[in-house]
Amino acid sequence: MPKLDKYKIEVTFLGTGTSQGVPVIACNCDVCESVDLKDKRLRSSILIKINGNNFVIDAGPDFRQQMLCEKISSLRSILLTHEHVDHIFGLDDIRSFNWIQNHPTDIYAEKRVQEAIKRIFNYVFAEYKYPGIPKMKLHSVSNKSFTIDGIRFIPIRCYHHKLPVYGYRVGDLTYITDTNYIPDEELEKIKGSKILIINALRKEKHISHFNLDEALDVVEKVKPEKTFLTHISHAFGLYSNLKEELPEDVYSAYDGLRLEF
Ligand SMILES: [Zn+2]
Ligand SMILES: [Zn+2]
């Protein structure tokens, strides 16, 4: 168990949906047709506020809408878990922060993810740059803790089928998404977290995401005070039903949910 850093943390769920979001285009299932706002899920991302700094984990295709919804006016940095479309395709919209803050956006990601960013957003890294394009400053993440303005982040190595991805722990909070395997030594780093946010796609098994039972196995091993499930598919069922079905101290997250601890 790592030495515990103590920070006052405010977390806002910017999105809690799987790659297609909920509702899914052209789907007429009960969940996609639900009028409950808690069944509307943008692509998964969280905002973490510590000491007045805003950190965002992942910037998928809904990043613009998420920044507008939460009226975010400054961004300290973006931490990325992996390079899938639903986690990085909003990065072009950092432009407003570049202008307002007069600074490139600090983006933390492992080498492989950085290569994908350079390929997909090649214009950002071109020798002759088109005016007005986003400005990114890439920082390398490896499996060692690092600090941003003195705030310590601990990467947690997890696996998304065969793809290595990073979860992050900061103080009493751990955020893990797009994972279906966490090695034992990495589980040790999560222990002692008050709040665990973990992906649980649906009840049926899936090749690259924890299902509900697998996520609950992790909860059993780590024993956080509270757990919030995220990266949820329309196949998981209605929010109102899920609420009844989950064990004590395990909750389905929803977009806009805010936690302070
Ligand atoms: Zn995803
Ligand atoms: Zn993914």
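For the structure given in this document, a descriptive report is provided here. No experiment lies behind these values; they were computed from the predicted model shown.

As for the overall build of the protein
Piece 1. Scanning the protein from terminus to terminus reveals 7 helices and 14 strands.
Piece 2. Here the C-alpha atoms of the protein give a radius of gyration of 18 Å, agreeing with the 18 Å that 2.2 N^0.38 yields for 261 residues.
Piece 3. When its C-alpha atoms are laid out on the principal axes, the protein stretches across 55 × 45 × 35 Å.
Piece 4. Counting only residues that meet the buried cut, the protein has 54% of its 261 residues in that class.

Quick word on helix 4 (residues 111-120)
Piece 1. Within the sequence span of helix 4, burial applies to Val113, Gln114, Ala116 and Ile117. Summarising the axial view, the buried residues of helix 4 lie within an arc of 160 degrees, below the 170-degree limit, and thus occupy one face.
Piece 2. Tucked into the core, helix 4 has its buried residues touching helix 2 (85-88), strand 5 (105-109) and strand 6 (136-140).

Describing the coordination of the zinc ion (ligand 1)
Piece 1. Bound to the zinc ion (ligand 1) on the protein side are Asp86 (OD), His87 (NE2), Asp178 (OD) and His231 (NE2), at distances that span 2.1 to 2.2 Å.
Piece 2. The site at the zinc ion (ligand 1) holds 4 donor atoms, and with the angles between them running 93 to 162 degrees, its shape is irregular.
Piece 3. In the primary structure, the donors to the zinc ion (ligand 1) are separated according to the pattern D-H-x90-D-x52-H.
Piece 4. For the pair the zinc ion (ligand 1) and the zinc ion (ligand 2), the metal-to-metal distance amounts to 3.4 Å, and aspartate 178 bridges them. Within this pair, whereas aspartate 86 is found in helix 2, its partner aspartate 178 is found in the loop between strand 10 (173-176) and helix 5 (184-190), the two being separated by 92 residues in sequence. Neither aspartate 86 nor aspartate 178 differs from the other in exposure class; each is buried.

With respect to the packing of aromatic side chains
Piece 1. Under the defined criterion, the tally for this structure stands at 11 aromatic pairs.
Piece 2. Both rings, one in tyrosine 159 and one in tyrosine 181, keep their centres 6.1 Å apart while their planes meet at 40 degrees; by these two values the pair is tilted. A residue pair is termed long-range when its members are at least 10 positions apart, and tyrosine 159 in strand 8 (residues 151-160) and tyrosine 181 in the loop between strand 10 and helix 5 qualify at 22 residues.
Piece 3. Residue tyrosine 159 is classed as partly exposed on the basis of its relative accessible area of 27%.
Piece 4. With 5.6 Å between their ring centres and 80 degrees between their planes, tyrosine 239 and tyrosine 254 make a pair best called edge-to-face. With tyrosine 239 in helix 7 (residues 239-245) and tyrosine 254 in the loop between strand 13 (250-252) and strand 14 (258-260), this pair connects stretches of sequence that are 15 residues apart.

Digging into helix 6 (residues 212-222)
Piece 1. Listed as buried for helix 6 are Leu212, Glu214, Ala215, Val218, Val219 and Val222.
Piece 2. Put simply, asparagine 211 is the residue that caps the front of helix 6, since its side-chain oxygen is 3.3 Å from the backbone nitrogen of aspartate 213.
Piece 3. Once helix 6 ends, the next one or two residues include lysine 223, with phi positive near 50 degrees.

Things to note about the coordination of the zinc ion (ligand 2)
Piece 1. Only His82 (NE2), His84 (ND1), His160 (NE2) and Asp178 (OD) from the protein reach the zinc ion (ligand 2) as donors, at distances of 2.2 to 2.3 Å.
Piece 2. With 4 donor atoms in place around the zinc ion (ligand 2) and angles of 91 to 175 degrees between them, the coordination shape is irregular.
Piece 3. Summarised as a motif, the one-chain spacing of the donors to the zinc ion (ligand 2) is H-x1-H-x75-H-x17-D.
Piece 4. Given a relative accessible area of 0%, histidine 82 falls into the buried group.
Piece 5. The exposure class assigned to aspartate 178 is buried, which follows from its relative accessible area of 1%.

Some details on the pattern of salt bridges
Piece 1. Tallying each qualifying case throughout the model produces 20 salt bridges.
Piece 2. As a salt-bridge pair, arginine 76 and aspartate 106 come within 3.0 Å of each other at their nearest N and O atoms. Of this pair, arginine 76 sits in the loop between helix 1 (63-69) and strand 4 (77-79) while aspartate 106 sits in strand 5; the two residues are 30 residues apart in sequence, bridging distant segments of the chain.
Piece 3. Classification of arginine 76 as partly exposed rests on a relative accessible area of 24%.

With respect to the nonpolar core
Piece 1. Counting residues in hydrophobic clusters, the biggest one holds 27 residues, and the most contacted among them are Ile46, Ile48, Leu79, Val170, Leu173 and Ile197.
Piece 2. When residues of this core are traced back to their parent elements, those giving at least two are strand 1 (9-15), strand 2 (45-50), strand 3 (53-57), strand 7 (146-148), strand 8, strand 9 (163-170), strand 10 and strand 11 (195-199).
Piece 3. Filtering out sequence-adjacent residues up to four positions away, valine 170 remains in contact with Tyr7, Ile9, Ile48, Ile50, Ile151, Arg152 and Phe153.

Conventions we followed
- Residues numbered from 1 in each chain as written.
- Chains lettered and ligands numbered in written order.
- Predicted model: local features only at pLDDT ≥ 70, side-chain atom pairs only at ≥ 80, totals over all residues.
- Heavy atoms only, no water.
- Helix = DSSP H or I, 4+ residues; strand = E, 2+ residues; numbered from the N terminus.
- Rg over C-alpha atoms; globule rule 2.2 N^0.38 Å.
- Buried < 20%, exposed > 50% of the residue type's maximum accessible area, 1.4 Å probe, protein only.
- Arc of directions from axis to C-beta.
- Contact = heavy atoms within 4.5 Å.
- Donors = N, O, S within 2.8 Å, 3.2 Å for Na, K, Ca; no water.
- Tetrahedral: all angles 85-135°; square planar, octahedral: opposite > 155°, others 65-115°.
- Phe/Tyr/Trp six-rings, centres within 6.5 Å; stacked < 30°, edge-to-face > 60°.
- Polar contact = N/O pair within 3.5 Å; in protein donor to acceptor, adjacent residues only side chain to side chain.
- Salt bridge = Lys/Arg side-chain N within 4 Å of Asp/Glu carboxyl O.
- Core = buried A, V, L, I, M, F, W, Y, C linked by side-chain atoms within 4.5 Å.

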